[in-house]
Amino acid sequence: MTSLPLADLAELFLRFLMLSLLSIGGAMSTAPEMHRYLVVDRGWMNDADFTTAIALAQAAPGPNVLFVPVLGFQVAGVAGAAAALIGILLPSTLLSLGVSRWGSRRRDTPGVRAFTAGLAPVTVGLVFATGWLLSLPFVGEPAHRLGALALIVATMATTLKTRLAPIWMIAVGAVAGILGWV
Amino acid sequence: MNSAAQARLSPRSPFDLFIAFTVLALQGFGGVLAVAQRELVDRRRWMTREEFVDAYSVAQLLPGPNVVNLSLMLGDRFFGWRGALAAVGGMLFAPLVLVLVLAASYNQLASFPAVAGALRGMGAVASGLILAMALKMLGTLRRNPLGPWLCALLGLTTLVAVTVFRVPLAWVVIGLGLAGWCLARWCIARQDGGQ
């Protein structure tokens with residue numbers, strides 16, 4: 001397990017605090033930004049580790065936001081996991097508590113309706129971007145491009161057309177990976 | 001809310017909430033939302049179906065993981081901040097321990113090609129699940145007051161800004177979000193005026 005100097009750990013914590021307030025539509029919409037920070041800018045982890053963190057969190061039970069502490073864990077062990085999780089949750093949680101107490105009774109005013117309506121397409125665009133960036137390391141590797149593409153398309157079709165629980169698709173992915181198809 | 005309160009039951013204590021959310025979270029492979037709906041609404045009757053939908057739309061609008069925000073609101077309603085803490089703690093604690101144990105053993109197991117292969121396959125499926133979720137979210141835009149062309153413009157600009165130009169998320173959300181808000185205000189005003 002790698003460990004980071006305290007100053008870097010503090011910077012990671014601050015960075016995730018900031019991302020928290022931007023994570024409209026879920027923590028997954030900040031994944032491209034985390035990738036930029038952890039992989040491209042700081043070089044604390046590589047592409048494969050980044051995608052592994054997300055795959056682990058998807059495979060394990062619980063909210064998908066748990067990919068965030070796994071990223072922290074891979075960078076700096078348990079301290080990193082704590083910094084990442086508390087960072088990504090604290091501001092959004094306090095804000096949500098405040099807003100939900102302030103009341104949902106203003107939901108029908110034009111200003112609030114415009115807020116939902118205006119942000120919705122941006123959120124959808126961000127989720128597409130996340131899926132795109134996550135599939136790149138698999139689709140970008142020529143040796144396994146076809147297998148990965150087939151798996152991704154099959155997953156999408158199954159999700160859209162059936163009510164099968166994702167755990168079964170992830171199991172199929174694991175088997176395909178063990179057999180060397182991906 | 002008053003008529004709904006009759007059919008609604010309540011957790012006995014914050015600890016009761018913590019246990020309920022732990023049980024719920026541990027069942028949630030690949031997403032907790034569907035399990036949350038079944039446990040909280042159908043089985044425990046702590047929320048009505050309508051309350052669940054309302055809470056989820058607010059949770060979706062706010063930054064932060066939707067299911068965490070949802071737990072927070074439900075816990076807060078019953079026991080104030082203690083309930084909020086219990087619900088969020090239950091949602092996160094057990095799955096967190098589990099996923100960190102997995103991550104730690106992965107670092108030791110990664111030398112086995114089968115494990116590395118399995119995770120590559122799981123990663124590809126994970127990216128497919130997210131793309132499918134994005135496609136499903138497209139459907140919710142159908143009733144958006146912005147209309148299809150402005151929605152497509154905003155969504156595609158976001159996609160290109162993030163994937164091609166790697167614009168930092170803050171600028172995307174602030175810049176395009178503000179543009180979306182102004183456009184939506186204009187569209188809503190025009191529709192309300194036109195009726």
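Reading the values: the criteria
- Residues numbered from 1 in each chain as written.
- Chains lettered and ligands numbered in written order.
- Predicted model: local features only at pLDDT ≥ 70, side-chain atom pairs only at ≥ 80, totals over all residues.
- Heavy atoms only, no water.
- Contact = heavy atoms within 4.5 Å.
- Buried area = accessible area lost by both parts, 1.4 Å probe.
- Salt bridge = Lys/Arg side-chain N within 4 Å of Asp/Glu carboxyl O.
- Polar contact = N/O pair within 3.5 Å; in protein donor to acceptor, adjacent residues only side chain to side chain.
- Helix = DSSP H or I, 4+ residues; strand = E, 2+ residues; numbered from the N terminus.
- Nonpolar A, V, L, I, M, F, W, Y, C, P; charged D, E, K, R; others polar.
- Axes fitted to C-alpha atoms, helices over the stretch in contact; angles between N-to-C directions.
- Left-handed = near helix turned anticlockwise from the far one by under 90°.
- pLDDT = per-residue confidence, 0-100.
- 1 Å grid on protein atoms, 1.4 Å probe; cavity = no way out; pocket = protein on both sides within 12 Å on 5 of 7 lines; lining within 4 Å.
- Points joined across faces, edges and corners; volume = space filled by probe spheres on them.
- UniProt positions renumbered as here; feature names shortened; annotations may be inferred.
- Core = buried A, V, L, I, M, F, W, Y, C linked by side-chain atoms within 4.5 Å.
- Buried < 20%, exposed > 50% of the residue type's maximum accessible area, 1.4 Å probe, protein only.
- Domains from an automatic or database assignment.
- Patch = residues over 30% accessible without salt bridge, like charges linked within 9 Å, V, L, I, M, F, W, Y side chains within 5 Å.
- Areas by Shrake-Rupley, 256 points an atom, 1.4 Å probe, with all protein chains shown as cover.

### A few points about the interface of chain A and chain B
Each side of the interface is counted separately: chain A has 91 residues, and chain B has 85 residues. Summed over both partners, the interface of chain A with chain B buries about 7800 Å², with 78% contributed by carbon and sulfur atoms. The largest share of the area that chain A buries against chain B comes from Leu22(A), Pro61(A) and Phe128(A), three residues that together contribute 8% of it. Joining chain A to chain B, the criterion identifies two salt bridges. Asp76(B) is the partner of Arg101(A) in a salt bridge, and the nearest nitrogen-oxygen pair spans 2.5 Å. Taken together, chain A and chain B are joined by seven residue pairs in polar contact (both at pLDDT 80 or more). Considering every element that reaches the side of chain A that touches chain B, the biggest residue donor is helix α5 (residues 110-139) of chain A, with 27 residues. Considered class by class, the residues forming the side of chain A that touches chain B number 55 nonpolar, 30 polar and six charged.

### Overview of the packing of helix α2 (residues 31-41) of chain A against helix α3 (residues 47-59) of chain A
Residues and elements named next belong to chain A. Closest axis-to-axis distance for the α2/α3 pair is 10 Å, and the angle between their directions is 145°. Relative to α3, α2 is oriented so that their crossing is right-handed. Seen from α2, the contacting residues are Ala 31, Met 34, His 35 and Val 39; seen from α3, they are Asp 47, Phe 50 and Ile 54.

### What about the confidence of the model for chain B?
Residues and elements named next belong to chain B. For chain B, per-residue confidence averages 84 on the pLDDT scale, and 90% of positions sit at 70 or higher. Put simply, helix α1 (residues 2-7) is where chain B has its lowest mean pLDDT, 48, and helix α7 (residues 147-163) is where it has its highest, 94. Contacts from residues 1-6, a stretch scored under 50 in pLDDT, to residues over four places away or in other chains number four contacts.

### Here's the deal with the confidence of the model for chain A
Residues of chain A with pLDDT of at least 70 account for 95%, and the chain-wide mean is 86. Here α5(A) is the element of chain A with the lowest mean pLDDT, 83, and helix α1 (residues 6-22) of chain A is the one with the highest, 93.

### Here we look at the environment of Ala170(B)
Within the fold, Ala170(B) resides in helix α8 (residues 169-194). Remark: the alpha-carbon pair of Ala170(B) and Leu153(B), spanning 17 residues in sequence, is separated by 19 Å. For Ala170(B), the residues in contact, after removing those within four places along its chain, are Leu22(A) and Gly175(B).

### As for the side chain of Glu33(A)
Its location among the elements puts Glu33(A) in helix α2. If we skip the residues at most four places from it in the chain, Glu33(A) touches Arg15(A), Leu19(A), Pro168(B) and Leu169(B).

### A closer look at empty space enclosed by the protein
Here the structure, examined in full by the defined rule, presents two cavities of 30 Å³ or more. By volume, the largest cavity amounts to about 70 Å³. Forming the walls of the largest cavity are Pro32(A), Glu33(A), Arg36(A), Leu133(A), Val162(B), Arg166(B), Val167(B), Pro168(B) and Leu169(B). With three residues, α2(A) is the single largest residue contributor to the lining of the largest cavity. For the lining of the largest cavity, a count of residues per class yields six nonpolar, no polar and three charged. Of the volumes computed, that of the second largest cavity is approximately 40 Å³. Lining the second largest cavity are Leu22(A), Ile24(A), Leu119(A), Val122(A), Thr123(A), Leu126(A) and Val173(B). Ranked by residues supplied to the lining of the second largest cavity, first place goes to α5(A) with four residues. A per-class count over the lining of the second largest cavity returns six nonpolar, one polar and no charged.

### Here we look at the UniProt feature "transmembrane region" (unreviewed entry) in chain B
All names here are of chain B. As annotated by UniProt and renumbered to match this structure, "transmembrane region" (unreviewed entry) occupies residues 17-36, 83-106, 112-134, 146-165 and 171-188. Taken end to end, residues 112-134 has its terminal C-alpha atoms 33 Å apart, with 96% of it in helix and 0% in strand. In the segment residues 171-188, helix accounts for 100% and strand for 0%; the C-alpha atoms at its two ends are 25 Å apart.

### Focus on the nonpolar core
Side chains that are nonpolar tend, in soluble globular proteins, to be buried together. Membership of the largest hydrophobic core comes to 94 residues, with the highest contact counts inside it found for Leu12(A), Met34(A), Leu38(A), Phe67(A), Val68(A) and Ile88(A). At 14 residues, helix α4 (residues 67-102) of chain A tops the list of elements feeding residues into this core. When residues are assigned to domains, this core turns out to be shared by domain 1 (1-112) and domain 2 (134-195) of chain B, each giving three or more. Sequence-distant contacts of Phe67(A), defined by excluding residues within four places in its chain, comprise Ala27(A), Met28(A), Ala31(A), Met34(A), Ala53(A), Ile54(A) and Ala57(A). Core analysis: the second largest hydrophobic core is formed by 26 residues, Ala25(B), Trp46(B), Phe52(B) and Met91(B) among them.

### Digging into the environment of Ala124(B)
Counting through the fold element by element, Ala124(B) comes out in helix α6 (residues 113-140). Classification of Ala124(B) as buried rests on a relative accessible area of 0%. As for Ala124(B) and Arg43(B), which are separated by 81 residues in sequence, their C-alpha atoms are 34 Å apart. Beyond its immediate stretch of four places on either side in the chain, Ala124(B) contacts Phe138(A), Leu151(A), Ile152(A) and Val182(A).

### Some points on the UniProt feature "transmembrane region" (unreviewed entry) in chain A
Residue and element names in this part refer to chain A. Following the UniProt record, one finds the feature "transmembrane region" (unreviewed entry) at residues 12-31, 66-90, 111-136 and 165-181. Spanning residues 66-90, this segment combines 96% helix with 0% strand, and its end C-alpha atoms are found 14 Å apart. Taken end to end, residues 111-136 is 100% helix and 0% strand, and its two terminal C-alpha atoms sit 38 Å from one another.

### Re a nonpolar patch on the surface
Residues and elements named next belong to chain A. A surface patch of nonpolar side chains, amounting to about 280 Å² of accessible area, comprises Ile 86, Leu 90 and Leu 94. One can find Ile 86 in helix α4. Looking at Ile 86, the relative accessible area reads 46%, which means it is partly exposed.

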